[in-house]
Amino acid sequence: MTKIWQKPGLAKLHPLVEEFTVGDDLANDLTLFPYDIRASKAHATMLQHIGILTPSELDILLLGLDELQQLHQQGEIRICHEDEDGHTVIENYLIEKYGDAGKKIHTGRSRNDQSLVALRLFLKENAGNTRQKLLELARIFLEKARQYEFAPLPGYSHMQQAMLSTVGHWYCSFAESLLDDAELLQSIEMHINKNPLGSAAGFGVSIPLDRQSTTDELGFAAIQQNSLYCQASRGKFESLYMEGLVQVMLSLGRFAQDMLFFTAQETAYFAVDSALVTGSSIMPQKRNLDGLEILRGHVSSILSSQHFIQDTAKNLLSGYNREFQLLKKPLIESTSIVQQSIDIAALYLEGSEPQPDVIQKHISTGIFAADIANDLVSEQKMPFREAYKKALEQVEQEVDLLTNIKKKVSLGAPGNLGIKEYEKRLQRLQG
């Protein structure tokens, strides 16, 4: 198909340059195609409001855009190297099928703001989608925490047993972490919820575009006002979005690591559904939690993608730079990886059960030393440093685990999880 910038008398673009500059962006544009259609509908509606399009031309264009949307849903849209991008596919389709009306669709916009608004819609929607998945995962953690609120579990420091904790305490640590991540994504969504459409190539146009109209139509909270900053915000907004994803993966990676440790043969604190483990081609006894290992590895891939985005966008001249195209792939891939990782974490969470009898056998007597020292301070008014020394003399005494747990009454401690407060917070975030 004809490139929309091709002019008579110009040589055809060298195929090597064409292939190199387009790269694998065609697949990314196919992902962004529905958002491009949405923005094109809003833009066309606005053009009719300001008198560029007649009502009948608007009807024709909206019909054509609906057709493109349906073709995309049916998997019939193809973007070729000759097209260069999804924007060209849209415009060429409308021109080819609807003539002069199609030739007006690009009035007052550039592929720069066309690409930017499609990506912004993608980020905004997926920040919300990821947040909802996080809240559902947090809900499952809280359900598990209630179920195992006082089930003993060794707490670790420096990879050694430190103090007595509970399974519920462990579950709640992830619930709170995920709620924090969801709040961060919510604030990021609010920050990026600004409409760049109408900024054109970064320098505005001489046509009195109604930017508030497209802002309302597309559901943005505000207009991103300065046309140059619309382009300059590329890399900044994407990096901020990626920070939200990074924080999610830091939470999930810790869960994966803990589960891998807690399900090792040496601990066996948790039993896992056999449908969630793989085997070995040579060792018949192996039960491998490969899903959690891949999840753990993807923490690094998301961190790397964020760094790539920041490094690519840093110190560029104000205005559009073609490197911005390279930001799409890590954003789209990272979004998919993180949402899949949340689903995998939920699967392993629901498909695993603590083994209280096994856990109790693994609890060392030394784990109570700090509690004994604190009791000596409270009951005998002994200076803590003396109690600290005497505690080791008493660690071999038998300790009732439930009594020990319920004595830890400071808010957020194993004996006072505050689950109701988490549930209230979850409800607020879901609302």
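Here goes a summary of the coordinates provided.

## Things to note about the environment of Asn193
So, step 1. Mapped onto the fold, Asn193 is located in the loop between α7 (167–192) and β3 (194–195).
So, step 2. The buried category is assigned to Asn193, whose relative accessible area is 14%.
So, step 3. Each C-alpha atom of the pair Asn193 and His298 lies 27 Å from the other, and the pair is 105 residues apart in sequence.
So, step 4. Ignoring any residue separated from it by four or fewer positions in sequence, one finds Asn193 in contact with Lys124, Gly219, Phe220, Ala221 and Ala222.

## Description of the side chain of Ser334
So, step 1. Examined against the element boundaries, Ser334 turns out to sit in helix α12 (residues 328–350).
So, step 2. What makes Ser334 buried here is its relative accessible area of 1%.
So, step 3. What Ser334 contacts, discounting residues up to four positions off in sequence, is Met242, Leu245, Ile302 and Ser305.

## Remarks on the side chain of Arg109
So, step 1. Position of Arg109 among the secondary structure elements: in the loop between α5 (100–103) and α6 (111–147).
So, step 2. Within the buried core, Arg109 has no salt-bridge partner, and the shortest N-O distance to an opposite charge, that of Asp36, equals 4.8 Å.
So, step 3. Those residues in contact with Arg109, other than ones at most four positions away along the chain, are Ser40, His43, Gln114 and Ala200.

## A word on the pairing of strand β1 (residues 152–157)
So, step 1. Pairing analysis gives six bridges linking β1 to strand β2 (residues 160–166), with the strands arranged antiparallel. Paired with Gly155 across the two strands is Met163, which belongs to β2.
So, step 2. Adjacent in sequence and paired antiparallel, β1 and β2 are bridged by two residues, among which His158 carries a positive phi angle near 55°.

## Things to note about the pattern of salt bridges
So, step 1. One pass over the full model with this rule turns up 19 salt bridges.
So, step 2. A salt bridge links Arg139 to Glu143; the nearest nitrogen and oxygen atoms lie 2.3 Å apart. With Arg139 and Glu143 both in helix α6, this residue pair falls four residues apart, about one helical turn.
So, step 3. By relative accessible area, which is 28% here, Arg139 ends up partly exposed.
So, step 4. Looking at Glu143, the relative accessible area reads 47%, which means it is partly exposed.
So, step 5. Here Glu183 ties to Arg425 by a salt bridge, and the two come within 3.0 Å at their closest N and O atoms. Placement of Glu183 in helix α7 and of Arg425 in helix α17 (residues 419–430) is noted, with a sequence separation of 242 residues between them.
So, step 6. One salt-bridge network, in which partners are shared between bridges, spans Glu136, Arg139 and Glu143.

Procedures and definitions
- Residues numbered from 1 in each chain as written.
- Predicted model: local features only at pLDDT ≥ 70, side-chain atom pairs only at ≥ 80, totals over all residues.
- Heavy atoms only, no water.
- Helix = DSSP H or I, 4+ residues; strand = E, 2+ residues; numbered from the N terminus.
- Buried < 20%, exposed > 50% of the residue type's maximum accessible area, 1.4 Å probe, protein only.
- Contact = heavy atoms within 4.5 Å.
- Lys, Arg positive; Asp, Glu negative; His and termini not counted.
- Salt bridge = Lys/Arg side-chain N within 4 Å of Asp/Glu carboxyl O.
- Pairing = 2+ DSSP bridges.

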